[in-house]
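Descriptive analysis of the structure
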Amino acid sequence: MDMTNSLGMGLSTSESLDILHADISQLLRQVDGNNRTGENGWMSGWPFHHRDVRSTLPWTTIGIWVLQGAALFTAYAMVSQDMDRRDSLVVEAFVVLLVAMVSCYVIGWDRKLHREEMINKVKVVLKDLEACIQTCCELGWGEKLYPDLYMPSCPAITALWTYRDSQLVNLPAALLVRGDIIALRPGQTVPVQCRQLEDDGSLELQPGEIYSPRVSNSEDPPSDPRPVPPLRPCRFLVTHTAFTSNVRMCLENCHRRPASVQDRERHDIHRLVEWRLLPLTLILILLVNLLRYFLLRDDVGHWAEMLLALPVYATLPLLPPLLPWLWLGLNTYGTARVLALVQAGKVQQIDVFEEEEEERLLLTQSLPVQWSWVRSLMWEVLTGRTDSLPRTANILHTLGTVTALCCVDKRGVLSCPNASPEKVFFLTSLEDDGIGSEVSSETEEKINDLTENIAKGSREDVKIDLKSQDVSFKASAEKLQRDENVTNEETHANEEKQTSNTAVQEDLVDVKAVFPESFSEDDFYECHAEVLDITADPHSTCGIQFDDARWERHLNSLKPLGLNILLNNCNPLTVERNASFMDHLNCVSKDMGGRAILRYRRCLCQLVHQIGFSDKVLELFKLRLQVAAYRGLGSGLGQDQLSRRSSFLRNKLPVPNMVSVVTKDYTTGMLQLLTHGTADIVLDSCTDFWDGVDLCPLTDKDRKKILDFYHRMSLSAYCSAFAYRPLEKEEVPLVPAEEQKPISVQHVSRQLGEVFFELPVKDLDELRGSDTPTSDARPEELASPVQTDPGRTTGDSNPSLSSHDKDRVIRNEQDWFSSQSRQVFIGMVSAQYQAKQDVVHMIEDLDTACIRFVHFSAEDELRSRIFSEKMGLEAGWNCHISLLSSMEDRSRHSSGLDGERSRHSSSETEGPARRSKLQLLGTHTEEQVPILEHAQVTFRDEVSEHLLPESPEHEVSEAVTDPSKKCDLPGQLCVSGNQSLVDSSNVLRQCSYESQNSRYSAEFGSQDNALIRADDVISMETDVTSHQSDVFDMTNRAKLPRGIENIRPHLENVDNVPLLVPLFTDATPQATKEMLQIMQEYGEVVCCVGSSTNIQNTGVFLQADVSVAVEPEYPQLCMRHGACPVSQCQEQGSSPCVLSCALNTLPCSVVFDKEHNYTSILLQMVQEARHLVLCIKNCLLFLLGCQLSISLVQVLSAVVLLPPPLSGGHVLWLSCLVVPVLSASLVAKETDKTVMTSAPGKNQNHVPLESVLQFSLHYVGRFVPSLGVCLLCFAFILHAVCTKVSPPGACHPMFGNRNMTLSWNGYEGEYSTGLVLAQECCCFLMVLYFGVTSMSYVHRSQPLWKKLPFTNIVWLVSFLIMLVLQVIYFAVAMAISTSKHSVHFSLRDVPLSAWLLGLLWVIFLVAGNELVKLHETRLSVRYQKRAKLQFGTKLGMNSPF
């Protein structure tokens, strides 16, 4: 295109980056200013709001801590000066207030980082922009750093042609700025606001609109092939920077993501303890102490101690002072562990193909994670220097509880970037058995031997010498020459081919000499369709392989196909022309109602290489001419006919189009006409087909088989047909003189290649007016897309493809299309986007982990379902939902209902309408689809559902039973009388798929992309007054909603099936975002995976709980040339692709490059996150149990009238050191891979009451008996102390020596060392019991005899250290107390009963904990079974027809 030569246009790279930097900076200052002034609400910036789920320290807790500190200070001031523990009160108060103050600072600082997290990430991007501006100030970016201009269109990559540095480049849309000049291609969607520069400049386009210029003379249908000027790209001026709206959306909505399951559970439990349990405990302890103080005043302590200090000791453990610190530390560590896996995955590449199916990486070994990585990442997360958004989108919490993994992009992310060949179709006349195969092999050998004498040495360097190829085309040319002397056309009635009886010139190949003598006429059979299935093979050099191990016997049919692909479809010289033609067709399809097209050519080099061609083949040919043509729907049609044709728009059949090239063979000097395109228009240009041995005439049955395959494949794949025709030689080749023959030269005008051609459409009425050919007639003149010489009549028809062109000089379009009207059909290739093998493995593992994989597909239902089946998803009749609203569907697919009503309104039009429906099958001027009998509506293949018109039953049966009605049928003409019944029944059998020969049915009945199972039943409307009988119903006909606006009413009033489906079709970014929000409202935890190069994904990324961006593999123009150069990006921010990825992925926590195997890394991240989340939950449950025990033992001692078993120092010691250390050590166990077999829970708004009751029951079984033992030991020690210093019989079991006048009956004063001894022993026992109890928390789901807790070395070391520290604390406390008093007590004063009870209880404690664990395990197994059953329930059981 000449636009690439436009110089001095557009901005330079440095100028555009300056503008982008300035616009984002201005927006950042504006949003930051709003946050500082409080325009977004003061509550959003206050970190201590009691209703903020994410806040770990509400103001109510801070207030309670302050009151507790004040109470301790008051008690210190009120108690007597001689009280031993008076000084400890002020220390305890100071510690409580200090911890509260530090916690407030830490949480406030963390919340500040949370509020500024997205702002800081935008600032990092601005720094990258500044670095790019400095590096690009002079030279700019090289052209190789941009995607290729003619890169095949990919929805996952948003790029526009833009003028940068005086050259036209394919710029990522995120880098478009105001002032840029872009070249919009026809039919392209605009991602930015822009204004047209050409013409009058009045056209302005908004983001999301399509630039669709009108095709000249499109309203006037042509009667002859009409040249149409190609639609060119148009220059537009960008008036608004593209990405500023996305940046604003990220900055304003980044804090609106749902709170995680862990945050909600922690918040709910905290509120339950703070607002329910703490007041209850406080009231109880105050009531008991008041009663004790007034009723037993001589047996208790000072009133300030009883009413101020002891209530603080009982309530302080309920609100652990270090809980905010512990929560922050554990989450920082867990997030760093998960992010370290990403770093490890980038260092060590994973290849899933190197592992066996049962020994995949997820189940065998984990990625090596170095502690240095974790330590550095912890510091980055803690200080807010990471770009993984650990606060606004906590990747640890989300991946640990994810219930739905949603993917919003397909190509390059879930599938390979290029469509790979899936099936090869061609016709052959030889029966496919051992004899035929042997004959084919012998024939090929003789042909190759003969060719060696014709062309020597010129193709020695080619992998396959093309010898067979030349003979194939040569034999075709000879057949054309021999056909000139044939006077009687061969008919299809005898179904046998005859060889020519005319003598052949000496230089031509004699078929008798080539074929063995045993190859007689009986060896020729009726032609049948041969379909070769192809599967992806990553271990193969070509990437694919034929399923049939004996595929090489068809080489004679495959080689012409491969050469056509190489010279036409995969020729680099045709790229620009093909791209312009596809852009033109894109606009043409919009005029036709949005009909789909074959978007750009499909590279089939894998197939070419598998056949045996090498790249050097292109050096043997020269491209002379390239001509493109298409055909519209036509005009002048009746309303019912137009409606019928418009029904194909809903099926997304491509616009009939073809591209023909003329190439010159340097070796022979011959000109070859090679054509590829849609089968309907290519087939109209063909009169014969190549069966691998000879030319055979195309009959109606042959055409029907071809079109059946084409329509079947076009609905779900990308099907292209190929044909060829040898033209006359342009020059005399370098061959021996005795073989040289005078050849006429054809002059091809190059002006034909400068325009596109719109072909005329014949209406059905015109076809009905002529005699319908019988099944054994040659249909050259029935529906050829072009008109041959006007002087020729049908009676002068000659089967030769070249005889009518002899001595003709091609100077205009009429001559050109006349010369290509008798081509030879070669075959068809269907291509499909194949799911990546690692994606299939990932979906299997996610299903095992009860994580639902949901694919949001922008394609229609049929294509989406077929690809979902390839990924292993269940995509049956009740397993997918279309997000396209009914209003949008009606506006997009107008079906002409008025015409339908008029057709059914009168009986006079009933017959012609029905006749036209059946006539549609036999004509090849428009798309043909098979029509099935009503009795055959139970299909083996769901694709047949979409090929089936919803015709009422009586419309077909009435045509059979009523002899007075006539209907024109392909190959049969219905007449009155009994003959009509016979012929009509034959016609109905012919119209059914079941009427095909057994081989053809078997080949199509077992296709890989078949979707329907045996239990799938397709129902037809039998309403006689149906107004849409001709419209193909492709929608999901189950009881499921259609359209995003109907999802919520269905969930509220019907069932929850929309939350269980794995596929949503017709998904737009806005609809996808809305659906993700609906899923979150119903408790789903959503992780979104999408392309990092799609500017439309930013809003979807921001809606999900956490988002993972994947750089897609860029589609290649041709697989022979390897990957696009954009894959070799330099350091971060040094290329346009990397910079645009950084902008598009602002809401994402993790970004994967395309070189990384994101599926394996993501699975291990989910596994690690699940393990860590369960460990953190386990840690907090143990912490809660211990803290409740510390509080409960204080309350129980007051109830049983004992002195406090723990002092204030003990409470702080246990709450601030021992219990947090033991709890945190539980997180350090090795990763448990069995977590990937459990089902996660929903993100509920409250903790279920059942869970609270279960925890209470398990708490009583684990902790309460130990508290009773501690109190008994405490009482035994007090009684022993009292007995030692008191007369015999003076000590009361509860109150001690009641004759004492001091506080606590002498335990406060001279004998206070005895109380200290009892309290220290009680504290030691509690530490011991906490440690022993924590053994059952190390491996929560496995009993002690299956897995010992000592595998957690960190826990073991922490437990031992806490015991040692407790002994040291014990010794220091006893030494301090002994130094103050003359009466000394030691461990020798501890009675034997206390020793035995306290130490032997450890054995019973271990056994009791194991019993409780077994009960927990049974409950967990029961819950998991129920959850897995609900996860795996077939959807058809929930929403019947």
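Just above sits the structure.
Note that the coordinates shown come from a computational prediction; the quantities given were computed from them, not determined experimentally.

Analysis parameters
- Residues numbered from 1 in each chain as written.
- Predicted model: local features only at pLDDT ≥ 70, side-chain atom pairs only at ≥ 80, totals over all residues.
- Heavy atoms only, no water.
- Helix = DSSP H or I, 4+ residues; strand = E, 2+ residues; numbered from the N terminus.
- Buried < 20%, exposed > 50% of the residue type's maximum accessible area, 1.4 Å probe, protein only.
- Contact = heavy atoms within 4.5 Å.
- Areas by Shrake-Rupley, 256 points an atom, 1.4 Å probe, with all protein chains shown as cover.
- Pairing = 2+ DSSP bridges.
- Polar contact = N/O pair within 3.5 Å; in protein donor to acceptor, adjacent residues only side chain to side chain.
- Phe/Tyr/Trp six-rings, centres within 6.5 Å; stacked < 30°, edge-to-face > 60°.
- Lys NZ or Arg CZ within 6 Å of the ring centre and 35° of its normal.
- Axes fitted to C-alpha atoms, helices over the stretch in contact; angles between N-to-C directions.
- Parallel < 35°, antiparallel > 145°, perpendicular 65-115°, else oblique.
- Left-handed = near helix turned anticlockwise from the far one by under 90°.

Details of the overall build of the protein
What the protein contains, in helices and strands, is 43 helices and 31 strands. A burial count over the protein gives 61% of its 1441 residues as buried. Restricting to contacts in the protein with at least 6 residues of sequence separation, those with at least 24 account for 82%. Total accessible area on the protein is roughly 56500 Å²; 55% of this is exposed by carbon and sulfur atoms.

Examining the pairing of strand 9 (residues 234–238)
Burial runs high along strand 9: four of the five residues are buried. Taken together, the four bridges between strand 3 (residues 181–184) and strand 9 define a ladder with antiparallel strand orientation. Bridging from a neighbouring strand, Ala 183 pairs with Arg 235 of strand 9. Bridge count between strand 5 (residues 194–196) and strand 9: three bridges; the pairing is antiparallel. Within the sheet, the bridge partner assigned to Gln 196 lies in strand 9 and is Phe 236.

As for the side chain of Arg 1262
Residue position: Arg 1262 is located in helix 39 (residues 1249–1262). Given a relative accessible area of 1%, Arg 1262 falls into the buried group. At 2.6 Å, the side chain of Arg 1262 forms a polar contact with the side chain of Glu 1416. Excluding anything up to four places from it in sequence, Arg 1262 contacts Thr 1333, Ser 1336, Tyr 1337, Arg 1340, Leu 1405, Asn 1409, Val 1412, Lys 1413 and Glu 1416.

A few points about the packing of aromatic side chains
Inspection of the entire model under this criterion finds 19 aromatic pairs. Each ring, one from Phe 546 and one from Trp 551, has its centre 4.6 Å from the other, and the planes form 25°; the classification is stacked. There is no split in this pair, since Phe 546 and Trp 551 are both buried. Between the aromatic rings of Phe 856 and Phe 1064, the centroid separation amounts to 5.0 Å while the plane-to-plane angle is 10°, which identifies the pairing as stacked. Highlighted residues: Phe 856 in strand 22 (residues 852–856) and Phe 1064 in strand 26 (residues 1063–1065), separated in sequence by 208 residues. Owing to a relative accessible area of 1%, Phe 1064 belongs among the buried residues under this scheme. Aromatic rings pair up to connect Phe 1182, Phe 1255, Tyr 1259, Phe 1263, Phe 1330 and Tyr 1337 into one cluster. The ring of Phe 867 carries the charged tip of Lys 410 above its face, separated from the ring centre by 4.6 Å. The ring of Tyr 1337 carries the charged tip of Arg 1262 above its face, separated from the ring centre by 4.7 Å.

Here we look at the sheet that holds strand 6 (residues 204–205)
Across a sheet, strands are paired by hydrogen bonds formed along the backbone, either parallel or antiparallel in direction. Overall, antiparallel pairing links the six strands, which are arranged 2-1-3-9-5-6 in an open sheet. What marks the edges here is a single partner per strand, and that holds for strand 2 (167–172) and strand 6. Both strand 1 (residues 159–164) and strand 3 contribute to a ladder of two bridges, which runs antiparallel. Of the residues in strand 3, the one forming a bridge with Trp 161 is Ala 183.

Concerning the environment of Gln 1116
Structurally, Gln 1116 can be placed in the loop between strand 28 (1106–1110) and helix 36 (1136–1144). On the basis of relative accessible area, Gln 1116 is assigned to the buried category, the value being 15%. On a C-alpha basis, the gap between Gln 1116 and Arg 602 in space is 9.7 Å, while along the polypeptide they are 514 residues apart.

Examining the sheet that holds strand 23 (residues 880–882)
One open sheet accounts for seven strands, arranged 23-26-22-10-27-28-29; its pairing is parallel. Both edges of this open sheet fall to strand 23 and strand 29 (1150–1152), since each of them pairs with a single strand only. Going from strand to strand, the sheet's axes swing by 20° on average, the running direction of each strand aside. Pairing analysis gives three bridges linking strand 28 to strand 29, with the strands arranged parallel. The residue of strand 29 that forms the bridge with Val 1110 is Phe 1152. Seen against the sheet, helix 37 (residues 1158–1199) touches strand 10 (404–407), strand 27 (1086–1091), strand 28 and strand 29 and runs at an angle of roughly 155° to strand 29.

Here we look at the packing of helix 37 against helix 38 (residues 1208–1225)
One can describe the packing of helix 37 onto helix 38 by two numbers: an axis separation of 9 Å at closest approach and a directional angle of 155°. Relative to helix 38, helix 37 is oriented roughly antiparallel. In this structure, helix 37 crosses over helix 38, and the sense of that crossing is right-handed. Only Val 1211, Leu 1214, Ser 1215, Val 1219, Pro 1220, Leu 1222, Ser 1223 and Ala 1224 of helix 38 make contact with helix 37, whose side of the interface consists of Cys 1179, Phe 1182, Leu 1183, Cys 1186, Gln 1187, Ile 1190 and Gln 1194.

A few points about the pairing of strand 27
Among the six residues of strand 27, six are classified as buried, and the element is accordingly described as predominantly covered. Pairing analysis gives four bridges linking strand 10 to strand 27, with the strands arranged parallel. Across the sheet, Cys 407 pairs through a bridge with Val 1089, a residue of strand 27. Here strand 27 runs beside strand 28; their pairing, made up of five bridges, is parallel.

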